[in-house]
Each structure stands twice: as C-alpha cells, then as structure tokens.
Amino acid sequence: MTHRSETVLDVQDVHVEFSGIIALDGVSFGIAQDEILGLIGPNGAGKTTLFNCLSRLYHPSRGDILLGGTSILQWPAHQIARAGIGRTFQNVALFGDLTVRDNISVGMHALTRGNLVSDALRLPMSRRTEARIRTETEELAELLEIADVLEVTAANLPFGTQKRVELARALASKPRILLMDEPAGGLNQEEVFLLGELMKRVRTEFKTSILLVEHHMGLVMSIADHVVALNFGKKLAEGTPAEIQAHPQVIEAYLGGGDA
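Please read these numbers as outputs of a predicted model, since none were measured by experiment.

**Q** Before we move on, could you go through the sheet that holds strand β5 (residues 70-71) and cite the residues and values that matter?
**A** Picture the strands of a sheet paired through backbone hydrogen bonds; they go either parallel or antiparallel. On the basis of which strands lie adjacent, the open sheet formed by four strands has the order β2-β1-β4-β5 and antiparallel pairing. Single-partner strands in this sheet number two, and they are β2 (21-32) and β5. As paired strands, strand β1 (residues 7-18) and strand β4 (residues 62-67) are joined by five bridges and run antiparallel to one another. The partner of V11 across the bridge, within β4, is I65.

**Q** I'd like a rundown of the confidence of the model for the protein, residues and numbers included.
**A** Residues at a pLDDT of 70 or more form 89% of the protein, whose mean pLDDT is 87. Residue range residues 113-118 is modelled with pLDDT below 50. Its contacts to residues more than four positions away, or to other chains, number seven contacts.

**Q** So what about helix α7 (residues 189-206)? Which residues, and what values?
**A** Here α7 is 18 residues long and its end C-alpha atoms lie 25 Å apart, about the 26 Å a rise of 1.5 Å per residue gives. Listed in full, the buried residues belonging to α7 are V192, L195, G196, L198, M199, V202 and R203. Among the residues of α7, the N-terminal cap falls to N188, whose side-chain oxygen and the backbone nitrogen of E190 are separated by 3.2 Å. Among the residues trailing α7, K207 stands out with phi positive, at a value near 55°.

**Q** Give me the pairing of strand β3 (residues 36-40): which residues, what numbers.
**A** In terms of residue burial, β3 counts as a mostly covered element, since five of its five residues are buried. Burial of the side chains of β3 extends over both faces: I36, G38 and I40 are buried on one face and L37 and L39 on the other. The pairing of β3 with strand β8 (residues 209-213) spans four bridges and is parallel. Its bridge partner lying in β8, G38 is registered against L212. Note: β3 against strand β9 (residues 226-231), four bridges, orientation parallel. Residue pairing in the sheet places I40 in a bridge with A229 of β9.

**Q** So what's going on with the environment of L66? Which residues, and what values?
**A** Here L66 shows up in strand β4. L66 gets classed as buried once you look at its relative accessible area, which sits at 15%. Each C-alpha atom of the pair L66 and D10 lies 5.0 Å from the other, and the pair is 56 residues apart in sequence. Once residues within four sequence positions are removed from consideration, L66 is found in contact with V8, L9, D10, Q12 and S71.

**Q** Got a sec to walk through the pattern of salt bridges? Specific residues and values, please.
**A** Under the definition given, this model contains 14 salt bridges. Between R134 and E138 there is a salt bridge, with the nearest N and O atoms lying 3.6 Å from each other. With R134 and E138 both in helix α5 (residues 124-143), this residue pair falls four residues apart, about one helical turn. Note on R134: relative accessible area 46%, which makes it partly exposed. By relative accessible area, which is 31% here, E138 ends up partly exposed. Through salt bridges with shared partners, one network takes in R101, R134, E138 and E151.

Reading guide: rules and limits
Residues numbered from 1 in each chain as written. Predicted model: local features only at pLDDT ≥ 70, side-chain atom pairs only at ≥ 80, totals over all residues. Heavy atoms only, no water. Pairing = 2+ DSSP bridges. Helix = DSSP H or I, 4+ residues; strand = E, 2+ residues; numbered from the N terminus. pLDDT = per-residue confidence, 0-100. Contact = heavy atoms within 4.5 Å. Expected span 1.5 Å × (residues − 1). Buried < 20%, exposed > 50% of the residue type's maximum accessible area, 1.4 Å probe, protein only. Polar contact = N/O pair within 3.5 Å; in protein donor to acceptor, adjacent residues only side chain to side chain. Salt bridge = Lys/Arg side-chain N within 4 Å of Asp/Glu carboxyl O.

Pasting the structure below:
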C-alpha cells in the first residue's frame, strides 16, 4: 500500500437502511488531499446511496461523514456547496435555457455576499462582485476549453460539451471535494480520454480532491490514486488501482478482467 497524505474527508461506519433493506452496511474510507479516489461497484452496490449521503440528500442511520474533521451531517443540503463540496450528476443538470456563462455563474452564488438591496441599487460591492464573477467565469471557461461557447444556450450544445459546462459550474464554488457521478456516461472513447486528462488538470490546478463514481474501469484505473470497491452495500476492498485489479474478490464480483 502506498503512503497517502492526511485525509480531508472521512466516511466512518456509514449505515443506510430503506424499509428494512440495507443499502450501506458499515462503509468506511477516507479521501486524501489532492487525491482522485475511484468508487466502483456493480449496480446496487451502494455507490449512489453513498453519494447522496455526501450531498446530504440522505441521512445515515448510523456513522458519520467528516470534512476537515467536522461532521457534515449537521448541515442542510443547501449549505453543502458553501461548506466545500461540489457535485456533477450522472444526467447533466444544467439550466438549458441559460447561456454557458450564466450556468457557470450560478455555481458561484453560494460564495457571494450580495443582497437584494445592493444588487437592485448596483452599489459598489455589488458591482465588484459582478466583475469578479465575470472574470472567474471566463478563467474557468478557458481552463475547460469552453470559452468559445460562453454566450451559447446550454441546451444547444453537444452532450460532451454540456458535461464540461457542468464541471465548470461545480468548480465555480471552489470545492475542497468534488463528487463526480458517472462523468464518462454517454461519451465516446476519445471524449473519455480527454475527460481523464481534464480531471487530472483540475486536481492539480484547483488543489481539489475528487471522488469519482464510475463504471468505466479503464478511466478509473488510469487516473485514480486510490480505489474503493463496494458490493452489496459493503466495502469489498480498497487500495491502489493495481491492487484492486489484482484482488480476487473484486475480479469475481464485477471487474471480469476488463472494462465495464
């Protein structure tokens, strides 16, 4: 096992039950600073349930989730972005009738300190905030190579480009942890490769830890620093990609010796 730096997010003995059905059974692991952690498993393994706990859509019946040593379970879902957790969705969740610029700007809303009065009167504080949002939106667009479509309505973009816009919006809140739910879904092989390179750049340039839930084993194993495998709500194994690929129970459960 390779040495990992101090963890920034810790999942501790998380247990989730729905009407007597156990979705997560005592799952524990940590995400290190600036690490890409792959969370893998077959359908029904508990990956989405865990994601929804991290997003505060579900509340564990037992256990805790700590961000920087502080439990996130005390926060309502609408405060998660301000606390430092960003998320992209399996099905792109953009505002289709807004421009790319406006979609990205929405992601900065949780960090702004304006109010209705200052915004309506366009007081200096409000104007400074608008200028900062505009600058940071354009910087994000440059990084994610979508600057040329900033004024295009999101619904009119190809699916792969929409995924980049959603990633930009998630990064706009300057998250300490970025949750990415099946980002390779619907992408062709070239787009998957470019996505992997982009995620590594994001990790480096934003100093952001990434929790990646993904069925595309080729992507996970090529970019993840650490991998956690779930099966039937339990942690089956964790380790480096090489260790997980060689783990007999993981191979038997769902890797099948190839991409999935």
